[in-house]
Protein chains: 2
Amino acid sequence: MKPVPEQLEYLLRATDRVVPRAELEALLELGRPLRVKLGVDPTAPDVTLGWAVVFDLLRRFQEMGHVAVLIIGDFTAQVGDPSGRSETRQRLTAAEVRGYADSCLEMLRPLLLEERLEIRYNSEWLGSMGMEDVLTLTSNVTVSRILEREDFANRLTANEPVSMIEMMYPLLQGYDSVAIEADIELGGADQLWNLLVGRDIQSRNGQQPQVAVTVPLLVGTDGTRKMSQSYGNYISVRDEPAEMFGKAMSIPDDAMESYFVLAARYREDEAADITRRVAAGELHPGDIKRRLAREIVAIYWGDDAAPEAEAAFDRVFREGETPEDVETFTIDDTDPVWLPGLLRDTGLVSSTSDGRRMIAQGAVKLDGERVEGEEIARGTLVGSVLQVGKRRFVELVNGS
Amino acid sequence: MKPVPEQLEYLLRATDRVVPRAELEALLELGRPLRVKLGVDPTAPDVTLGWAVVFDLLRRFQEMGHVAVLIIGDFTAQVGDPSGRSETRQRLTAAEVRGYADSCLEMLRPLLLEERLEIRYNSEWLGSMGMEDVLTLTSNVTVSRILEREDFANRLTANEPVSMIEMMYPLLQGYDSVAIEADIELGGADQLWNLLVGRDIQSRNGQQPQVAVTVPLLVGTDGTRKMSQSYGNYISVRDEPAEMFGKAMSIPDDAMESYFVLAARYREDEAADITRRVAAGELHPGDIKRRLAREIVAIYWGDDAAPEAEAAFDRVFREGETPEDVETFTIDDTDPVWLPGLLRDTGLVSSTSDGRRMIAQGAVKLDGERVEGEEIARGTLVGSVLQVGKRRFVELVNGS
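Residues numbered from 1 in each chain as written. Chains lettered and ligands numbered in written order. Predicted model: local features only at pLDDT ≥ 70, side-chain atom pairs only at ≥ 80, totals over all residues. Heavy atoms only, no water.

## Section: the overall build of chain A
Part 1 of the reasoning: Looking only at helices and strands, one finds 19 helices and 13 strands in chain A.
Part 2 of the reasoning: In terms of C-alpha radius of gyration, chain A reaches 23 Å, essentially the compact-globule figure of 21 Å for 400 residues.
Part 3 of the reasoning: For the C-alpha atoms alone, the extent of chain A along its principal axes is close to 70 × 55 × 45 Å.
Part 4 of the reasoning: By residue count, 53% of the 400 residues in chain A fall in the buried class. (Helix = DSSP H or I, 4+ residues; strand = E, 2+ residues; numbered from the N terminus. Rg over C-alpha atoms; globule rule 2.2 N^0.38 Å. Buried < 20%, exposed > 50% of the residue type's maximum accessible area, 1.4 Å probe, protein only.)

## So, helix α1 (residues 4-11) of chain A
Residue and element names in this part refer to chain A.
Part 1 of the reasoning: Within α1, the full set of buried residues consists of Val4, Gln7, Leu8 and Leu11. Projected down its long axis, α1 carries its buried residues within an arc of 100 degrees, all on one side. Facing away from the buried side of α1 by more than 90 degrees, the exposed set consists of Pro5 and Glu9.
Part 2 of the reasoning: Buried residues along α1 sit in contact with α2 (21-29) and α3 (49-63). (Arc of directions from axis to C-beta. Contact = heavy atoms within 4.5 Å.)

## A closer look at the packing of aromatic side chains
Part 1 of the reasoning: Summed over all chains, the structure comprises four aromatic pairs over all chains.
Part 2 of the reasoning: Ring geometry for Phe260 of chain A and Tyr266 of chain A: centres 4.7 Å apart, planes at 50 degrees, overall tilted. As far as burial versus exposure is concerned, Phe260 of chain A and Tyr266 of chain A are alike and both buried.
Part 3 of the reasoning: For the pair Phe245 of chain B and Phe313 of chain B, a centre-to-centre distance of 5.2 Å together with 55 degrees between the ring planes defines the contact as tilted. With Phe245 of chain B in helix α12 (residues 241-249) and Phe313 of chain B in helix α16 (residues 305-319), this pair connects stretches of sequence that are 68 residues apart.
Part 4 of the reasoning: Positioned above the aromatic ring of Tyr231 of chain B is the side chain of Arg225 of chain B, whose terminal nitrogen or guanidinium carbon lies 3.9 Å from the ring centre.
Part 5 of the reasoning: One residue, Lys247 of chain B, lies across the ring of Tyr234 of chain B, its end atom 5.0 Å from the ring centre. (Phe/Tyr/Trp six-rings, centres within 6.5 Å; stacked < 30°, edge-to-face > 60°. Lys NZ or Arg CZ within 6 Å of the ring centre and 35° of its normal.)

## Looking at the interface of chain A and chain B
Interface size, as often reported, equals the accessible area lost upon joining of the parts.
Part 1 of the reasoning: Counting residues at the interface gives 30 residues for chain A and 30 residues for chain B.
Part 2 of the reasoning: Summed over both sides, the interface between chain A and chain B buries roughly 2,600 Å², with carbon and sulfur atoms accounting for 74% of that surface.
Part 3 of the reasoning: Summed over the shared surface of chain A and chain B, the result is zero salt bridges.
Part 4 of the reasoning: Every element with two or more residues in the side of chain A that touches chain B is listed here: α4 (76-79), α7 (131-138), α8 (143-147) and α10 (164-180) of chain A.
Part 5 of the reasoning: Residues belonging to the side of chain A that touches chain B are distributed by class as follows: 20 nonpolar, eight polar and two charged. (Buried area = accessible area lost by both parts, 1.4 Å probe. Salt bridge = Lys/Arg side-chain N within 4 Å of Asp/Glu carboxyl O. Nonpolar A, V, L, I, M, F, W, Y, C, P; charged D, E, K, R; others polar.)

## Details of the sheet that holds strand β13 (residues 392-398) of chain B
Residue and element names in this part refer to chain B.
Part 1 of the reasoning: Within the open sheet, the five strands sit side by side as β7-β13-β12-β9-β10. Their pairing is mixed. What marks the edges here is a single partner per strand, and that holds for β7 (328-331) and β10 (369-370).
Part 2 of the reasoning: Taken together, the four bridges between strand β12 (residues 385-388) and β13 define a ladder with antiparallel strand orientation. Across the sheet, Gln387 pairs through a bridge with Phe393, a residue of β13. (Pairing = 2+ DSSP bridges.)

Pasting the structure below:
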């Protein structure tokens, strides 16, 4: 293994907090492969560049010889992490979660090394717990510890309901650390509190408590809120190159520096230097954003894909054309056609509810004209180009 | 069944709150036997006159044709009701609880009618719950509902720890109401909040919510705190007549009126009248307290036992003698003897920790002399009278 200072420099690039820092150094001094936990709850079908930030960190731990223990929170996803929430989540069914888990895992694996990778599902230990175990778990934590949590405190102060089930979430994800004997746990900055509850629960179960390492949250393409599938302000790791390029071009200028660091893997000093030079008029913000967008596409699709994506983007945006390689989709012969279902079937949106939202937002067009209402005569559709937002198109053709 | 107004008059004698009152009347109007829940957690070996108050009420429901559903909280006892607590309870083991349950039930059954009596143990439904069921249960209640609870709020404000397991208690006892389909639940005044959580949980489980009926708390023989085995200020339903009589004589004068109503089953107007006549100098408080003590003994030991108990009390107290019927106890031949163990074995105290407390308080005497220290030479003990407090004696004899 590499010397500790070298490991620290590589690992802690673009991280937010290390709690407690001294314990991380002591762990690395042990010279053994550490067990580094990262828990992801499959509550949505996609993986965003926001998630990719913490996966980059996990991969760096693998590169330094440590073991990545990726926990697919198939059980906790059914409970729902209340972090940062202003209301109680709807509970997902086991079937929904299974579908999301498969889809996420397919996208997540390429972000990590195949060696020193352990993938576990937390239903393995949580699903078989009985009432007695649950009670013992609740006896490990005080109410005030849970209420310290900022989002709970805010909601309670505002007299907004917090369900008791939300207080269970931190205990369950904390028990994951006991089950896999984590040395370190990684998470987004908004997960720090959850990670620290994990420390408490490990201590109460006779384990050395894990060190918490967090990464900054990547802001969404709107430049204001955290990137999230529920806010619709995200870039997916499986967005097609042109789509990914276009979304990256849509971020506000003042989000560029953090995107360079968190999404394009630039060093913090390099990114700061770019910002300085843009401010000084030495670089043009538009050119810089193109560089950022190309870098992001290159990470997920390879170096060759970047210039192609840029060219496609230019055709659509600069020249107001539909892209040359519009895919076709054969519509079936029901009449009228239920548009949210068609949008999902074409892949233009990820779900019918997403489709309905897009229609309601006026983001769905047919041959460039905004569509209103959810039912459309089949004859109107055949031969037209259906479009969602600025960059997703499909040409509808007749199957018969 | 009797007309509703007549039932109400009989049932609501000496009760505290009925929530909601209109629903109780509507239930009685149905004209069917109602299911009346009373949950008791066997957390101590004895049954006090404090418990007897609510059992009186339950028996009155039986007399009116309704069904008493007595829930032995063998599962919830292991969790611990935080009501009125200023700190987290020690969790009891299953074996301790089973012992207490048997002992309590033996004392409780005579307080009720044998007909229209259903006895259930809540481990039946709670013990088999899995994690999923627990989570569904927690999703039924909001955090603020639980934190409304005065004792939690007080402890949290004072920065005293409240364990998460204590927040589970109200949910579990509330689920009991779902399991047995309670129409009404009875409890002490300090249980009202628990009973109302039961209403919430029934509603969330598609049941008509129960009506909560509470009784006032009986003050302990110290005249200040609630009667409780943990405070040692209690009269047990199985105290021997002379002991029971003596304890009743020890209550402060200003507690007499509530004892007449809650422990001696007087009507509230009768009890108020006695207080008025004592205050006016028409009745002597000492005579009245004797009447109260005789009435209480008569309830648990029959009318004939009352004058005997009074005579025995007089011999000990007025004449400073040991009672004539002192029991003997054969001490074993360990030397020295561990006094707390001996006190428990003789039945003078209920546990060794109780024994240690009594020694520390200077309440243990040997031939009238206060005993200090916990180990005593066997030779000193043989042939002596061992005494706890003013009214409990045993003569120690040699077995060999």
